[in-house]
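Per-entry structural report
Each chain, written out:
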Amino acid sequence: MSWAIIQQSLPLFAKGFVLTLKLATLGIIGAIIVGLICSLIYYFKLPILTPIVTIYTEVARNTPLLIQLFFLYYAFPILGWRLTASQCGIIGLIFLGGSYMAAGFTGGFDGITKSQIEAGQAIGFTRWQLARYVILPQGLALSVPALAANVIFLIKETSIFTVIAIPELTNTALDLIGMYYHTNEYLFVLVIAYAIILIPLSLILTYLERRVRYGTFGH
Amino acid sequence: MSTPLLTVSHLEKSYQKTHILHDISFDLDAGEVLTLLGPSGSGKSTLLRCLNGLEAFQAGTLTFAGEVITQKAKQWQQLRQQIGMVFQSYDLFPNRTVLENILLGPLKVQKRSRETVLPEVEKLLQQVGMRDYRDAYPRQLSGGQKQRIAIVRALALKPRLMLFDEVTASLDPEMVRDVLTIIRQLADTHQMTMLVVTHEMDFAQQISDQVLFLADGRIQEQTPGPQFFKRPQTSRAQNFLASMDF
């Protein structure tokens, strides 16, 4: 292992690091929005939209991100939509992540006890008030652990973006290895780079889970 | 004679193939306290829940204050402001303070102003001895305290009928008395119309104007309270009272 080689590669890795963070952030925000909308449609069994959501989540969860990206990158242009590689990456992450987030939110909503909902009904809440004052606050709090796991999962999935040549962390490492053959150094930096993102994030999310649970349920 | 506040006539309730309630009919006059007694599984709680729209029924008619209940969601939503219910599991909202729990109904559902509601709520809190807890969260309260708040939460809507579903069943014995005292005061001093499901026989005897004795989903007898506890008419009820060590 050579420090000099590692040092020389750092500016390139820094770029990849920033791009990984940027794509992951946009993808995760989009996935949370899509997931929340889908889970609400599913929870309230809205006509027409519920089967669409079911089909979407089944397709998204049961096909690999790799194939989804190929589809966006190679098949969409045939249909006339030309997207940049980064756009494909973000859309792919939202497509995949949205279905996972939907499942996470649904798990949270399903975890609300029936008696809490009945207590809301018993004081005359309308459907909307029940959602606003009982289902959303409690369901969201219950879904935080699943959402946190999804966030970590989706960040790691960005490594697959390398197949459509997005210069994120993994792509940077593989490119450098291809050019200079310093496999050990570049893989070492790659692992450290992911660890720098994921370990602190994981700790923060665990702390957040506890805070939210205590704030909502008091234990 | 004035019309009853609540009339239940020939109510039938089943889950899929299981018949839970058979031909339930009774009247409840304003100011009257009716206790539902009977062995476990006799359908008491289910009957109570039918009267608040938490369970649908398949046949029969409910009439509340002259209005026939059609079981439409919108109608139940309106009626629940007049028919308060308190549950065994209290079910305060854990993410809201005591005061917020109580105010949600009057402010959000009934759209009344905070200035008019707050004095009423403070008075109710005072009556149940919980005035100092208005800013506490449910997690900071004991079971008995939670149940008192749940009662205030229901009363804050100014209901005309209160349903109590085994409200002391998950409380420690020393807290049971506090909660039952509050319910009795509600009957004595406020002439609140109530339907009470309970296993506390002493309490039932003190509070009941009428007793409805259920077994196997059928009304076995409806008897004025004092008479029921002295001389129940049916052998089922006699056995039931004997088994309750009463």
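What you see is a predicted model, and the numbers here were worked out from it, not measured in a lab.

About the criteria used
Residues numbered from 1 in each chain as written. Chains lettered and ligands numbered in written order. Predicted model: local features only at pLDDT ≥ 70, side-chain atom pairs only at ≥ 80, totals over all residues. Heavy atoms only, no water. Phe/Tyr/Trp six-rings, centres within 6.5 Å; stacked < 30°, edge-to-face > 60°. Lys NZ or Arg CZ within 6 Å of the ring centre and 35° of its normal. Core = buried A, V, L, I, M, F, W, Y, C linked by side-chain atoms within 4.5 Å. Buried < 20%, exposed > 50% of the residue type's maximum accessible area, 1.4 Å probe, protein only. Helix = DSSP H or I, 4+ residues; strand = E, 2+ residues; numbered from the N terminus. Pairing = 2+ DSSP bridges. Salt bridge = Lys/Arg side-chain N within 4 Å of Asp/Glu carboxyl O. Axes fitted to C-alpha atoms, helices over the stretch in contact; angles between N-to-C directions. Left-handed = near helix turned anticlockwise from the far one by under 90°. Contact = heavy atoms within 4.5 Å. Nonpolar A, V, L, I, M, F, W, Y, C, P; charged D, E, K, R; others polar. 1 Å grid on protein atoms, 1.4 Å probe; cavity = no way out; pocket = protein on both sides within 12 Å on 5 of 7 lines; lining within 4 Å. Points joined across faces, edges and corners; volume = space filled by probe spheres on them. Buried area = accessible area lost by both parts, 1.4 Å probe. UniProt positions renumbered as here; feature names shortened; annotations may be inferred.

Residue and element names in this part refer to chain B. Tallying each qualifying case throughout the model produces 13 aromatic pairs over all chains. Where Phe 228 meets Phe 229, the ring centres are 5.3 Å apart and the plane angle is 85°; that geometry is what we call edge-to-face. One aromatic cluster is present, built from ring pairs that chain together Phe 213, Phe 228, Phe 229 and Phe 240. Looking at Arg 153, its charged tip hangs above the ring of Phe 93, at a distance of 4.7 Å from the centre.

For the rest of this paragraph, the subject is the nonpolar core. In this structure, Phe 125 of chain A together with Leu 6, Leu 11, Phe 26 and Leu 195 of chain B are the most contacted members of the largest nonpolar core, which totals 85 residues. With 10 residues, the single largest contributor to this core is helix α6 (residues 127-157) of chain A. Membership of the second largest hydrophobic core comes to 40 residues, among which are Val 117, Ile 183, Met 194 and Ile 207 of chain B.

A few words on the pairing of strand β2 (residues 18-28) of chain B. All names here are of chain B. Note: strand β1 (residues 6-15) against β2, seven bridges, orientation antiparallel. Within the sheet, the bridge partner assigned to Lys 13 lies in β2 and is Leu 21. Counting the residues in the hairpin turn of β1 and β2 gives two residues, including Gln 16, whose phi is positive at 45°.

One pass over the full model with this rule turns up eight salt bridges over all chains. For Glu 55 of chain B, the salt bridge is made with Lys 13 of chain B, and the minimal N-O distance between the two is 3.5 Å. Highlighted residues: Glu 55 of chain B in the loop between α1 (44-50) and β4 (59-64) and Lys 13 of chain B in strand β1, separated in sequence by 42 residues. Under the relative-accessibility criterion, Glu 55 of chain B is labelled buried at 11%. Here Lys 13 of chain B falls in the buried class, since its relative accessible area comes to 3%. Arg 134 of chain B is the salt-bridge partner of Glu 122 of chain B, the closest N and O atoms lying 2.2 Å from each other. Of this pair, Glu 122 of chain B sits in helix α4 (residues 114-127) while Arg 134 of chain B sits in the loop between α4 and α5 (143-155), placing them 12 residues apart in sequence. On the accessibility criterion, Glu 122 of chain B (28% relative accessible area) is partly exposed. Through salt bridges with shared partners, a single ionic network connects Lys 114 and Glu 118 of chain A together with Lys 13, Arg 49 and Glu 55 of chain B.

We now examine the packing of helix α2 (residues 49-61) of chain A against helix α4 (residues 85-110) of chain A. How two helices sit against one another is set out by the angle between their axes and by the gap between those axes. All names here are of chain A. Direction vectors running N to C along α2 and α4 enclose 115°, while the axes themselves pass 8 Å from each other. Between α2 and α4 lies a crossing of left-handed hand. Contacts between α2 and α4 involve Tyr 56, Thr 57, Val 59, Ala 60 and Arg 61 from the first element and Ile 94, Phe 95, Leu 96, Gly 98, Ser 99, Tyr 100, Ala 102 and Ala 103 from the second. Residues belonging to the contact of α2 with α4 are distributed by class as follows: nine nonpolar, three polar and one charged.

Quick look at the layout of surface pockets now. Leftover empty space is mapped by rolling, across the atoms, a probe with the size of a water molecule. In this structure, the largest pocket occupies an estimated 440 Å³ of space. Forming the walls of the largest pocket are 19 residues, and the residues nearest its centre are Gln 121, Arg 127 and Leu 130 of chain A together with Ala 73 and Arg 80 of chain B. Secondary-structure elements contributing two or more residues to the lining of the largest pocket are α5 (114-122) and α6 of chain A together with α2 (73-79) of chain B. Top contributing element to the lining of the largest pocket by residue count: α2 of chain B, with four residues. Partitioned by chemical class, the residues of the lining of the largest pocket number nine nonpolar, five polar and five charged. Taken as a whole, the second largest pocket spans an internal volume of roughly 320 Å³. Lining the second largest pocket are 17 residues; nearest its centre among them are Gln 116 and Phe 217 of chain A together with Asp 91, Leu 92 and Pro 94 of chain B. If you list the elements that add at least two residues to the lining of the second largest pocket, you get α5 and α6 of chain A.

Before going further, it helps to spend a moment on the interface of chain A and chain B. Listed by partner, the interface residues are 24 residues for chain A and 23 residues for chain B. Buried area between chain A and chain B, both sides added, is near 2,000 Å², and the carbon and sulfur share of it is 55%. The largest contributions to the chain A side of the interface with chain B come from Ala 122, Ile 123 and Tyr 133 of chain A, which together make up 30% of the buried area. At the junction of chain A with chain B, the criterion picks out one salt bridge.

Here we come to the sheet that holds strand β9 (residues 210-215) of chain B. Hydrogen bonding along the main chain pairs the strands of a sheet, whether they run parallel or antiparallel. All names here are of chain B. Taken in spatial order, the six strands line up as β6-β7-β8-β3-β9-β10 in an open sheet, and their pairing is mixed. Whereas interior strands pair on both sides, the edge strands pair on one side only; in this sheet they are β6 (83-86) and β10 (218-224). Put simply, the sheet's adjacent strands are angled 15° from each other on average, direction ignored. Note that β6 and strand β7 (residues 161-165) share four bridges and pair parallel. Following the sheet pairing, Gly 84 is matched in β7 by Met 162. Each of β6 and β7 is contacted by α5, which is oriented at about 170° to β6, the strand it contacts most. Against the sheet, helix α6 (residues 173-190) touches β3 (33-37), β7 and β8 (193-197), its axis set at about 150° to β8.

With that settled, the discussion passes to the UniProt feature "domain: ABC transmembrane type-1" (unreviewed entry) in chain A. The sites that UniProt annotates as "domain: ABC transmembrane type-1" (unreviewed entry) are residues 17-209 of chain A. A distance of 26 Å separates the end C-alpha atoms of residues 17-209 of chain A, which is 82% helix and 0% strand.

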